[in-house]
Amino acid sequence: MASLARRRATDYTVKAISIGFAGLSLVLLAWIIWTLLSRGLPALGPHVFTRITLPPGAGGGLLNAIVGSLIQIAMALVIGTPIGLMCGTFLAENGRGTHIGNVVRFVNDVLLSAPSILIGLFVYQLLVVPFGGFSGWAGVAALAILVIPVVVRTTEDMLALVPIGLREAAFALGAPQWKVVTMITWRAARAGITTGVLLALARAAGETAPLLFTSLGNNGWSVSLNAPMASLPIAIYQYAASPFEDWVALAWAGALLITAGVLALNIVSRLVLAKMK
């Protein structure tokens, strides 16, 4: 009886601690969201989406930063998604138990957990220093490197969940491997792969450190990838430390926009994954 009472007491204690920390996490999350809403909503207005950065007090907006972020993220996805998809497919279909597969998987895990600022420094040495200046292309490269490991990991995991019987049935009908992959396994895992792409997009959308060393930012209007390009994370970083109240308000508005966008992407990814299940 004493042993049973001790086990029950331990169980209740662990449950109470778990519930307490879970409640604390929810309180902190709610606090962050409330701060964003209370500071960001009053700053949102048509000028945020229709005007570029202007001098303090001139009623500027974030149009150039929004467009710059969309261009760089879209290009990063165009470059990183096919590479991640092909690499993840190789690991799932041909790289299991092989030496090269283990090496690629290890390198991908390192990239997945590497601080984003290191990616920015790497691209800085690779594309900024040799070419003599910051550019949108360097920012795209840094974000693409962040996208690739997320897509690789998700693609490999989702393809590993496809029943082996589907592959065997296709091979039994005489289908070559490339057709089995593209028409059977990719279709079966498309919801999970799409989720991985959306999660990679959400990660790239909020990164600031890599862009500081690559695209740098631009207070003017520029859609050329050959020159420094504005982005929302850089604008938030610059405006949040400004002594001007209207720029600080724009920083809160930009933070709210990024948070809402990332939240929407996570919700969509969960809905897509739920359909697959």
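Above this text is the structure in question.
Owing to the predicted nature of the structure, the values given are computational and were not obtained by experimental measurement.

Trainee: What am I meant to see in the overall build of the protein here?
Mentor: Assigned secondary structure in the protein consists of twelve helices and zero strands. Taken from N to C terminus, the helices and strands of the protein fall in the order α-α-α-α-α-α-α-α-α-α-α-α. Projecting the C-alpha coordinates of the protein onto the three principal axes gives extents of approximately 70 × 65 × 35 Å. By residue count, 38% of the 277 residues in the protein fall in the buried class.

Trainee: What am I meant to see in helix α6 (residues 136–160) here?
Mentor: Three- or four-residue spacings in an α-helix give side chains the same orientation, since the helix completes a turn every 3.6 residues. In this model α6 runs 36 Å from its N-terminal to its C-terminal C-alpha over 25 residues, within 8% of the 36 Å that 1.5 Å per residue would give. Most of α6 sits out of view: 19 of its 25 residues are buried.

Trainee: What is the right way to read helix α9 (residues 190–205) from this model?
Mentor: Its 16 residues place the ends of α9 22 Å apart at the C-alpha level, agreeing with the 22 Å of an ideal helix rising 1.5 Å per residue. With twelve of 16 residues buried, α9 is to be regarded as a mostly interior element. The set of residues buried in α9 consists of A191, G192, I193, T195, G196, V197, L198, A200, L201, A202, A204 and A205.

Trainee: Help me understand the nonpolar core in this model?
Mentor: One broad rule of soluble globular proteins: the nonpolar side chains tend to lie buried together. Membership of the largest hydrophobic core comes to 24 residues, with the highest contact counts inside it found for I73, L77, L143 and V147. Put simply, the parts of the chain that give this core at least two residues each are α3 (63–93), α5 (116–131), α6 and α9. When residues in this core are grouped by element, the largest group, eight residues, is from α6. Excluding its chain neighbours within four sequence positions, the residues that come into contact with L143 are Q72, I73, A76, A204, E207 and L211. Listed in part, the 16 residues of the second largest apolar core include A235, L250, A255 and I258.

Trainee: Any chance you could explain the side chain of T89 here in plain terms?
Mentor: Structurally, T89 is set in helix α3. At 2.7 Å, the side chain of T89 and the backbone oxygen of L85 are in polar contact. T89 has contacts with N94, T155, L159, V181 and W186, leaving out every residue within four places of it along the chain.

Trainee: Honestly, the environment of F244 in this entry has me stumped. Any pointers?
Mentor: Mapping F244 onto the fold places it in the loop between α11 (232–240) and α12 (245–276). Residue F244 is classed as partly exposed on the basis of its relative accessible area of 39%. Taking C-alpha positions, F244 is 6.5 Å from P56, a pair spaced 188 residues apart along the chain.

Trainee: How do you make sense of the packing of α6 against α9 when you look at a structure like this?
Mentor: The axes of two packed helices give the description: the angle between them and the distance between them. Taken N-terminus to C-terminus, the directions of α6 and α9 make an angle of 155 degrees; their axes are 8 Å apart at the nearest point. Between α6 and α9, the interaxial angle falls into the category roughly antiparallel. Crossing of α6 against α9: the hand is right-handed. From α6, L143, L146, V147, V150, V151, T154, T155 and M158 reach across to α9, where they touch G192, I193, G196, V197, L199, A200, R203 and A204.

Trainee: Could you clarify how one ought to interpret the pattern of salt bridges in this entry?
Mentor: Between side chains of opposite charge, a pair can form when the charged atoms approach closely. Within this structure, the stated rule accounts for five salt bridges. Between E207 and R203 there is a salt bridge, with the nearest N and O atoms lying 3.8 Å from each other.

Trainee: Any chance you could explain the packing of aromatic side chains here in plain terms?
Mentor: Geometry of an aromatic ring pair is reported as the spacing of the ring centres plus the angle between the planes. Tallied over the entire structure, the rule returns four aromatic pairs. With a centroid separation of 6.4 Å and 75 degrees between ring planes, the pair formed by Y124 and F213 is classed as edge-to-face. On the criterion of sequence distance, the pair formed by Y124 in helix α5 and F213 in the loop between α10 (209–212) and α11 is long-range, its members being 89 residues apart. According to the relative accessible area criterion, F213 is partly exposed, its value standing at 26%. Judged by centre distance (5.9 Å) and plane angle (75 degrees), the rings of F244 and W247 are edge-to-face. Put simply, the rings of Y124, F134 and F213 pair up and form one aromatic cluster.

Trainee: Can you help me understand unusual backbone geometry in this one?
Mentor: With the exception of glycine, the majority of residues adopt a negative phi angle, and the majority of peptide bonds are in the trans configuration. Although it is not a glycine, L216 adopts a positive phi angle of roughly 70 degrees. With respect to the element layout, L216 can be found in the loop between α10 and α11.

Trainee: Looking at this model, I keep getting lost on the side chain of R167. Mind explaining?
Mentor: Locating R167 in the fold gives a position in helix α7 (residues 164–172). Accessibility expressed as a relative area gives 7% for R167, which makes it buried. From its side chain, R167 meets the backbone oxygen of V162 in a polar contact 3.0 Å long.

Trainee: What should I look at first to understand a nonpolar patch on the surface in this one?
Mentor: A cluster of nonpolar side chains, I17, F21, L24, L28, W31 and W34, forms an exposed patch at the surface whose accessible area comes to about 730 Å². Tracing the chain through its elements places W31 in helix α1 (residues 2–40). Its relative accessible area of 57% is what places W31 among the exposed residues.

Rules used throughout
Residues numbered from 1 in each chain as written. Predicted model: local features only at pLDDT ≥ 70, side-chain atom pairs only at ≥ 80, totals over all residues. Heavy atoms only, no water. Helix = DSSP H or I, 4+ residues; strand = E, 2+ residues; numbered from the N terminus. Buried < 20%, exposed > 50% of the residue type's maximum accessible area, 1.4 Å probe, protein only. Expected span 1.5 Å × (residues − 1). Core = buried A, V, L, I, M, F, W, Y, C linked by side-chain atoms within 4.5 Å. Contact = heavy atoms within 4.5 Å. Polar contact = N/O pair within 3.5 Å; in protein donor to acceptor, adjacent residues only side chain to side chain. Axes fitted to C-alpha atoms, helices over the stretch in contact; angles between N-to-C directions. Parallel < 35°, antiparallel > 145°, perpendicular 65-115°, else oblique. Left-handed = near helix turned anticlockwise from the far one by under 90°. Salt bridge = Lys/Arg side-chain N within 4 Å of Asp/Glu carboxyl O. Phe/Tyr/Trp six-rings, centres within 6.5 Å; stacked < 30°, edge-to-face > 60°. Patch = residues over 30% accessible without salt bridge, like charges linked within 9 Å, V, L, I, M, F, W, Y side chains within 5 Å. Areas by Shrake-Rupley, 256 points an atom, 1.4 Å probe, with all protein chains shown as cover.

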